[in-house]
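# Fold and geometry: a report
If you want the building blocks of each chain, they are given just below.
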Amino acid sequence: MKPSLIVHGGAWNIPDVALEDCRNGCRHALDVGWAILSKGGAALDAVEAAIVLLEDDPTFDAGIGSHLNLDGKIELDAIVMDGATLKAGAVAAVERIRNPIRLARSVLESSEHMMLVGAGAEQFAREQGFTLCDPEQLVLDRERMAWQRCREDQHAVEFHVDHAMGTVGAVAMDSHGNLFAGTSTGGTCCKHAGRVGDSPLIGCGCYADAEAGGVSCTGLGEAIMRIVMAKTAVEFLRAGKSPQAAAEASTRLLLARGRGTGGLILLDKDGAPGFAFNTARMAFGYVAPDGSFIVAP
Ligand code: GLY
């Protein structure tokens, strides 16, 4: 079976000055994921490697460079889901995990549960041999200044439109037909402490069912949650829509019923890609049938 890979770095009003960084990040994520898949490696490894790269890239709102919450702290969310078993591993509101997608994978593989949050998730991380980091290592001056500005101008809406940044995600199918999807985020700028968005929620920010397809979403979590967007997109695929039609129908619904903006990437059960967004731009990339990388914006 031919492997397939699609990644994203967020759908928002990406300014011209950030385009090159977004493209480079997505290209590098495809590089590391495709290096695994093209040699017969596992879809789970490819999803994890691609998302780790995006978490480590300060361009995106995940891992290093994540937005700060109202209290000036980072709280990170991530999920990975197995399309064969429908089991997910998710973590939410973790503060001391450098790469939350690695911990999400550990929940998937080593826990009887599907989701762990906050202090309990970090306790599980220690039990699994993770080294907890100093949260300050993940905070950039850019984000500290943005937080300061938010405090001064009472979280002006105009500022947040241009400071949306990007949740990251990946969907991969390997040469054995295994399908995995994953998503990781720092969440929204100046969110209330303890707020969890769509990203780590099964069916909202991510879903994978090998009988239909796999999806990773980006955008305003509260809107995506209203329409359970990832599962909705998978059901569009199951009903027979093409990958592109399923993605576009999902973002139309996000605007009409979710009353919000965002986007998604997906692979159908045969590995064919689809993507859509109702924002000005979305950072994403996928591997074309000839093996070349298509990267946007
Ligand atoms: N989509 C990311 C969030 O709203 O947290």
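This text follows the structure it describes.
Nothing here was measured: the structure is a model prediction, and the numbers come from that model. (Residues numbered from 1 in each chain as written. Predicted model: local features only at pLDDT ≥ 70, side-chain atom pairs only at ≥ 80, totals over all residues. Heavy atoms only, no water.)

## What about the overall build of the protein chain?
Tallying secondary structure elements over the protein chain gives 9 helices and 12 strands in all. For 297 residues, the compact-globule estimate of 2.2 N^0.38 gives 19 Å, and the C-alpha radius of gyration of the protein chain, at 17 Å, lies within 12% of that figure. Taken along the three principal axes of its C-alpha coordinates, the protein chain extends 55 × 40 × 30 Å. Expressed as a percentage of its 297 residues, the buried residues of the protein chain come to 57%. Within the protein chain, residue pairs in contact and separated by at least 24 positions form 68% of the contacts whose partners lie at least 6 positions apart. A total of about 11400 Å² of accessible surface is found on the protein chain, and carbon and sulfur atoms cover 53% of it. Between the centroid of the 26 positive side chains of the protein chain and the centroid of its 37 negative side chains there is a distance of 3 Å. (Helix = DSSP H or I, 4+ residues; strand = E, 2+ residues; numbered from the N terminus. Rg over C-alpha atoms; globule rule 2.2 N^0.38 Å. Buried < 20%, exposed > 50% of the residue type's maximum accessible area, 1.4 Å probe, protein only. Contact = heavy atoms within 4.5 Å. Areas by Shrake-Rupley, 256 points an atom, 1.4 Å probe, with all protein chains shown as cover. Lys, Arg positive; Asp, Glu negative; His and termini not counted. Charge placed at Lys NZ, Arg CZ, Asp CG, Glu CD.)

## Side note on the site of the ligand
Neighbouring the ligand are T167, T185, G187, T188, R195, G197, D198, S199, G219, L220 and G221. Here a nitrogen atom of the ligand sits 2.7 Å away from a polar atom, N or O, in the side chain of D198. Isolated, the ligand exposes 200 Å² of accessible area, and the fraction of that covered by the protein chains is 98%. Each residue belonging to the shell around the ligand can be placed in one class, and the counts come to 1 nonpolar, 8 polar and 2 charged. (Near = heavy atom within 4 Å. Polar contact = N/O pair within 3.5 Å; in protein donor to acceptor, adjacent residues only side chain to side chain. Nonpolar A, V, L, I, M, F, W, Y, C, P; charged D, E, K, R; others polar.)

## Points about the pairing of strand β9 (residues 262-268)
Of all 7 residues making up β9, 7 are buried, and the element is well covered by its neighbours. With 7 bridges connecting them, strand β8 (residues 213-219) and β9 associate as antiparallel partners. Each bridged residue has a counterpart across the sheet, and for G214 the counterpart in β9 is L267. As defined by bridge partners, β9 adjoins strand β10 (residues 273-277) across 5 bridges and the pair is classed as antiparallel. Directly across from L266, in β10, lies its bridge partner G274. Taking the residues between adjacent antiparallel strands as the criterion, β9 and β10 are bridged by 4 residues, where G271 takes a positive phi near 90°. (Pairing = 2+ DSSP bridges.)

## Considering the pairing of strand β7 (residues 206-209)
Across the two faces of β7 the burial is the same, with C206 and A208 and Y207 and D209 all buried. Here β7 runs beside β8; their pairing, made up of 4 bridges, is antiparallel. Residue pairing in the sheet places Y207 in a bridge with V215 of β8. The antiparallel pairing of β7 with β8 creates a hairpin that spans 3 residues between the two strands.

## Details of the packing of aromatic side chains
The tally for this structure, following the rule as stated, stands at 3 aromatic pairs. Over the face of the ring belonging to W147 we find R144, whose NZ or CZ atom lies 5.5 Å from the ring centre. Directly above the ring of F236 sits K241, whose terminal nitrogen or CZ lies 5.5 Å from the centroid. (Phe/Tyr/Trp six-rings, centres within 6.5 Å; stacked < 30°, edge-to-face > 60°. Lys NZ or Arg CZ within 6 Å of the ring centre and 35° of its normal.)

## Quick notes on unusual backbone geometry
A cis geometry characterises the amide bond from A296 onward to P297, with omega recorded as 10°. One can find P297 in the segment after β12 (293-296). Phi at L86 takes a positive value of approximately 65°, unusual for a residue other than glycine. Note that L86 resides in the loop between β2 (76-82) and β3 (88-94). Take L86: its relative accessible area is 35%, and that puts it in the partly exposed class.

## A word on the pattern of salt bridges
One pass over the structure, following the stated rule, counts 14 salt bridges. For the salt bridge of R105 with D45, the shortest nitrogen-to-oxygen distance reads 2.7 Å. Here R105, found in helix α3 (residues 100-110), pairs with D45, found in helix α2 (residues 43-56); they are 60 residues apart in sequence, far enough to count as distant. The buried category is assigned to R105, whose relative accessible area is 15%. Across the pair R142 and E143 runs a salt bridge, and its minimum N-O distance is 2.8 Å. (Salt bridge = Lys/Arg side-chain N within 4 Å of Asp/Glu carboxyl O.)

## Observations regarding the sheet that holds β7
Here 4 strands make up an open sheet; going across it, the order is β7-β8-β9-β10 and the pairing antiparallel. Each end of this open sheet is capped by a strand with a single partner; those strands are β7 and β10. Strand-to-strand twist in this sheet, taken as the mean axis angle between neighbours without regard to direction, amounts to 10°. Strands β9 and β10 of the sheet are contacted by helix α9 (residues 243-256), whose axis makes an angle of about 155° with β9. (Axes fitted to C-alpha atoms, helices over the stretch in contact; angles between N-to-C directions.)

Read these as geometric descriptors, not functional statements.
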